[in-house]
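Each chain, written out:
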Protein chains: 2
Amino acid sequence: MPLPPDSATASFRAETLARFCAELLGAVGTPAAHARLVADSLVAANLRGVDSHGIQMLAMYLQQIRAGGLNPAASGRVISENGVCLHYDGANGLGQVVADQCTTHSVRLARALGVSVVVARHSNHFGAGAWWGEKLARAGFIGIVMSNACPAVAPWQGTTPILGTNPLCVAVPGCGGEARWMLDMATTTVALGKLTHAGHLNQPTIPRAWGFLDAQGQPTTETAKAQAGAPTPTGGYKGSALAMMVEILCAGLSGGAMTTELPVYRTGGDPLGISHTFIAIDPARFLPAGEFEARVNRLVGMVKVAKPAPGFDEVLVAGEPEWRAEKVRRREGIPVPRSLWEKLGALAAELKIEAPAPDAGR
Amino acid sequence: MPLPPDSATASFRAETLARFCAELLGAVGTPAAHARLVADSLVAANLRGVDSHGIQMLAMYLQQIRAGGLNPAASGRVISENGVCLHYDGANGLGQVVADQCTTHSVRLARALGVSVVVARHSNHFGAGAWWGEKLARAGFIGIVMSNACPAVAPWQGTTPILGTNPLCVAVPGCGGEARWMLDMATTTVALGKLTHAGHLNQPTIPRAWGFLDAQGQPTTETAKAQAGAPTPTGGYKGSALAMMVEILCAGLSGGAMTTELPVYRTGGDPLGISHTFIAIDPARFLPAGEFEARVNRLVGMVKVAKPAPGFDEVLVAGEPEWRAEKVRRREGIPVPRSLWEKLGALAAELKIEAPAPDAGR
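Residues numbered from 1 in each chain as written. Chains lettered and ligands numbered in written order. Predicted model: local features only at pLDDT ≥ 70, side-chain atom pairs only at ≥ 80, totals over all residues. Heavy atoms only, no water.

**Quick look at the sheet that holds strand β5 (residues 142–147) of chain A**
Residues and elements named next belong to chain A. Threshold: Strand pairing follows a simple DSSP-based rule, namely that at least 2 bridges must link the two strands. A run of DSSP states H or I qualifies as a helix once it reaches four residues; a run of E qualifies as a strand once it reaches two. Both are numbered from the N-terminal end. For helices, the fitted line uses only the C-alpha atoms of the stretch in contact; every axis is such a line through C-alpha atoms, and the angle between N-to-C directions lies from 0 to 180 degrees.
As summarised here, the arrangement of the 7 strands in space is β2-β3-β4-β8-β5-β6-β7, forming an open sheet in which the pairing is mixed. Among the strands making up the open sheet, the edge pair consists of β2 (77–82) and β7 (182–185). Shown here is a sheet whose adjacent strand axes are inclined to one another by a mean of 10°, direction ignored.

**Observations regarding the domain arrangement of chain A**
The accessible area lost on association of the parts is a frequent measure of interface size. Residue and element names in this part refer to chain A. The following threshold applies: Residue ranges for the domains originate in an automatic or database domain assignment. Should any heavy atoms of two residues lie within 4.5 Å, those residues are counted as being in contact. As used here, buried area is the combined drop in accessible area, with a 1.4 Å probe, of two parts when they are placed together. Here a polar contact means two N or O atoms within 3.5 Å. Within protein one must be a hydrogen donor candidate and the other an acceptor candidate, and residues neighboring in sequence count only if both atoms are side-chain atoms. In this classification, the charged set is Asp, Glu, Lys and Arg, the nonpolar set is Ala, Val, Leu, Ile, Met, Phe, Trp, Tyr, Cys and Pro, and all remaining amino acids, among them Gly, are polar.
Segmenting chain A into domains produces domain 1 (1–67 + 323–362) and domain 2 (74–188 + 233–304). The distance between the C-alpha centroids of domain 1 and domain 2 comes to 24 Å. Residue-level contacts link 21 residues of domain 1 with 24 residues of domain 2. Interface of domain 1 and domain 2: buried area, both sides summed, is about 2000 Å²; carbon and sulfur atoms make up 66% of it. Between domain 1 and domain 2 we count 4 residue pairs in polar contact (both at pLDDT 80 or more) in total. At the level of elements, α2 (32–47), α3 (58–66) and α10 (320–332) are the ones that each hand at least two residues to the side of domain 1 that touches domain 2. Per-element accounting of the side of domain 1 that touches domain 2 gives the leading share, 8 residues, to α2. When the residues that make up the side of domain 1 that touches domain 2 are grouped by side-chain class, the tally is 11 nonpolar, 6 polar and 4 charged.

**A few points about unusual backbone geometry**
Residues and elements named next belong to chain B. Positive phi values are uncommon outside glycine, yet Asn166 reaches one of about 30°. Inspection of the secondary structure puts Asn166 in the loop between β5 (142–147) and β6 (168–171). Phi is positive for Lys352, close to 60°, though the residue is something other than glycine. Looking at where Lys352 falls in the secondary structure, it is placed in the segment after α11 (338–350).

**Side note on the packing of aromatic side chains**
Counted only if it meets this: In this scheme Phe, Tyr and Trp rings, the latter by its six-membered ring, pair at centre separations within 6.5 Å, and the angle between planes marks the pair as stacked below 30 degrees, edge-to-face above 60, and tilted otherwise. When accessible area is computed with a 1.4 Å probe and restricted to protein chains, residues below 20% of their type maximum are described as buried, those above 50% as exposed, and intermediate ones as partly exposed. Think of it as a cone above the ring: NZ of Lys or CZ of Arg counts as a charge over the ring if it is within 6 Å of the ring centre and within 35 degrees of the ring normal.
In the structure shown here, the tally under the stated rule is 12 aromatic pairs over all chains. With a centroid separation of 5.2 Å and 55° between ring planes, the pair formed by B:Trp156 and B:Tyr237 is classed as tilted. Remark: B:Tyr237 occurs in helix α8 (residues 237–254) and B:Trp156 occurs in the loop between β5 and β6; sequence separation between them is 81 residues. The exposure class assigned to B:Trp156 is partly exposed, which follows from its relative accessible area of 27%. One cation-aromatic arrangement involves A:Arg48 over A:Trp323; the distance from NZ or CZ to the ring centre is 5.0 Å.

**Focus: the relation of the copies chain A and chain B**
Applicable threshold: Copy-to-copy superposition: least squares on the C-alpha atoms, limited to residues that have pLDDT of at least 70 in both copies.
Of the two same-sequence chains, chain A is brought onto chain B (RMSD 0.0 Å, axial shift 0.0 Å) by a rotation of 180°. Such a turn and shift between the copies fits a two-fold axis. When C-alpha distances to the rotation axis are compared across chain A, the minimum falls at A:Gly235, with a value of 2.4 Å. Counting the interface residues of chain A, we find that 100% of their copies in chain B are interface residues as well, pointing to one common contact surface.

**As for the confidence of the model for chain A**
Detailed conclusions should not be drawn from predicted coordinates in areas where pLDDT is low. What counts is decided by this rule: Each residue carries a pLDDT value, the predictor's own confidence for that position, ranging from 0 to 100.
Averaged over every residue, the pLDDT of chain A is 92; residues scoring 70 or more account for 95%. Scoring of the predicted complex yields 0.95 for pTM and 0.95 for ipTM.

**Some words on helix α2 (residues 32–47) of chain B**
Residues and elements named next belong to chain B. Put simply, the rule reads: One less than the number of residues in a helix, times 1.5 Å, gives the span that helix is expected to have.
Taking 1.5 Å per residue as the helical rise, α2 with its 16 residues ought to reach 22 Å, and the 22 Å between its terminal C-alpha atoms agrees with that figure. His34, Ala35, Leu37, Val38, Ala39, Ser41, Leu42, Val43, Ala44, Ala45, Asn46 and Leu47 are the residues of α2 that are buried. Residues of α2 that are buried make contact with α1 (14–27), α3 (58–66), α4 (95–113), α5 (129–138), α10 (320–332) and β9 (334–337). One or two steps after α2, the chain reaches Gly49, where phi turns positive at roughly 85°.

**Description of the sheet that holds strand β8 (residues 274–281) of chain B**
Here 7 strands make up an open sheet; going across it, the order is β2-β3-β4-β8-β5-β6-β7 (chain B) and the pairing mixed. Looking at which strands have only one partner, the edges of the open sheet turn out to be β2 (77–82) and β7 (182–185) of chain B. On average, adjacent strands in this sheet sit at an angle of 10° to one another, irrespective of strand direction. The sheet contact formed by β2(B) and strand β3 (residues 85–89) of chain B spans 5 bridges and is antiparallel. Within β3(B), the position partnered with B:Arg77 by the bridge is B:Asp89. Helix α8 (residues 237–254) of chain A rests against β5, β6, β7 and β8 of chain B of the sheet, and its axis sits at about 135° to β7(B). Sheet strands in contact with α4(B) are β2, β3, β4 (115–123) and β8 of chain B, and its direction is about 160° off that of β4(B).

**A short note on the interface of chain A and chain B**
This is how the line gets drawn: Whenever a carboxyl oxygen of Asp or Glu lies within 4 Å of a side-chain nitrogen of Lys or Arg, that contact is scored as a salt bridge.
In this complex, chain A contributes 81 residues to the contact, which on the side of chain B involves 81 residues. Between chain A and chain B the total buried area reaches about 6600 Å² when both faces are included, carbon and sulfur atoms providing 72% of it. Looking only at chain A, the three residues that lose the most surface to chain B are A:Gln157, A:Lys238 and A:Phe286, adding up to 12% of its buried area. On the surface where chain A and chain B come into contact, there are 2 salt bridges. Residue B:Glu261 pairs with A:Arg298 through a salt bridge whose shortest N-O separation is 2.3 Å. Inspection of the chain A/chain B interface yields 26 residue pairs in polar contact (both at pLDDT 80 or more). Counting residues per element, the side of chain A that touches chain B draws most heavily on α8(A), which supplies 13 residues. Class assignment of the residues belonging to the side of chain A that touches chain B gives a composition of 52 nonpolar, 20 polar and 9 charged.

**Regarding the pattern of salt bridges**
Residue and element names in this part refer to chain B. Counted according to the given criterion, the structure contains 38 salt bridges over all chains. Notably, a salt bridge pairs Asp100 with Lys135, separated by 2.9 Å at the nearest N-O pair. One end of the pair, Asp100, is in helix α4; the other, Lys135, is in helix α5, with 35 residues separating them in the sequence. Taking the relative accessible area as the measure of exposure, Asp100 reaches 23% and is therefore partly exposed. In this structure, the salt-bridge partner of Arg324 is Glu314, at a minimum N-O distance of 2.6 Å. Remark: Glu314 occurs in the loop between α9 (291–304) and α10 and Arg324 occurs in helix α10; sequence separation between them is 10 residues. Exposure remark for Arg324: the relative accessible area of 27% places this residue in the partly exposed category.

Have a look at this one:
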């Protein structure tokens, strides 16, 4: 289990990590099906190269559960179902468990009438939106997935962290191949988890383009100062507006906690009270079956013929870097930063779980 | 009608401009109701300070109509209605006429089942999305409005203008007052029409923050070079992904022309073939009547308490600058740049319409 002292990361197969994560969750009272769902969704993010939303979230989940701030056995309940609208109470369950229930309802309602809007409150962090967008896309729908998040981002023209990183994911069905389009973005310049990941890798500096502010509201490239500061909304006032759009469509509609009504992450015993929204649209209500999927594939090709800008070999569309990462990481394993692995190892020791060794040959 | 030679702009009351615009449209064969709708929507944008989407669009519309590239008498037809989904053929009518028909269907369908998705193809420029979002919001719905647009924007990592400026508008019901939230944004760093407006004002330079590239793909602050170049997607890869999201939800779903299948604007006789999408969501399906509206108002207040960043007096939310501009311009009139007024005056002379004089006292 200890890593060789000279390596910053060690490689693990996805299945190894998922089993370990599920065991850790089980050891704090999470039912096996819930533990497996959370573990699979986190490791799927690592596979896609989105380490910000991978197993590094697990330490936070475990801390919340052990502090009594999250009920890992809860799966929530339907508050109301009305036309194609469903309102869900997450009952402070794991975000992934709530999102899994909600997206199952999304699919059922959209099959019946072409579209559905499912809104959940009293939930928790649901991992990467991509996992839920993909579930809707695999069922044949355009999946639009949003979540509010704990206050961390200063609104445009301001310095107080009030908005969440409020992610937006849009996934589309059936566009196979390496150039498959999928949007999954925080409404910040970069996802907050990228900073956490840089911290785990002991990187003293971060790129200026990440747009972090220090505690005084000044731009910074120092990891430590950024950790004491805040991320900025992407594109200034536009990102600020997009974050509020997500807040309105999630917490505004759900009746749940909004912005500073949520606690900051990692405080332990306070329920986070996060809200999510899932919109499913059936393209076959507009076009003959299969035509939408073919059109999106064609659109991707039309964009990729753009002449690359200086410094780039090709034009990539949203999602493409992630599919490529997945191909590599399925083959070569998932690199886990030493400091993160040590943190999870210490938790495992406390919980009397045996942490796996890095997979051989990596 | 001629402006005093020393003024860069002259002021007009909204009603004066709207009547003039409607007369110009009527003179090229536009039915009176269609002309009034277009005129009102354009002048409403000017009132809100969004000159990029105001009467400066009229010259393009007139040119298109006179070249036979747009049928001002058409109002389109329903292709199919299926569950809460409606597919519309704009029949190459004025975008505003098509959008007016579509949003009327949006309201009818969302009243019945809580949500509607209306998708139109074979349309034209529909003005500012805000006008249509507002129509849905006034009817009590969250209105999400998108349109694709003619190719003008290089995708992230590329230099070829392939994507449209693909705007996104989200409007919410009932949040009165000056701080009313409304998102209406191009997915570019700034709207392309801002550059056109700077040109009309003979401004030799534009801010670097507008993010325009010259014809070689290098950043530029020279108005003329930017006019020969292209705008950039907001926030780099995120704006590029948002533009593709809009393209997919509009043209992907509508079966209409996608990106470079559309002609560039102002070419005259070619139908533009633009697609729009309108999503309406009834908040009263989730919360008791009026609660959503009160919550959004409260959210706006929670964001506005942020400490202003250096250089700002207060934090503004999306929509707020536009409501303030409207208050001022209703009182003081709409400033019209000299070169734009001369252009419209020349068109009026050709069409034997008398252009109004600037309103007295301004």
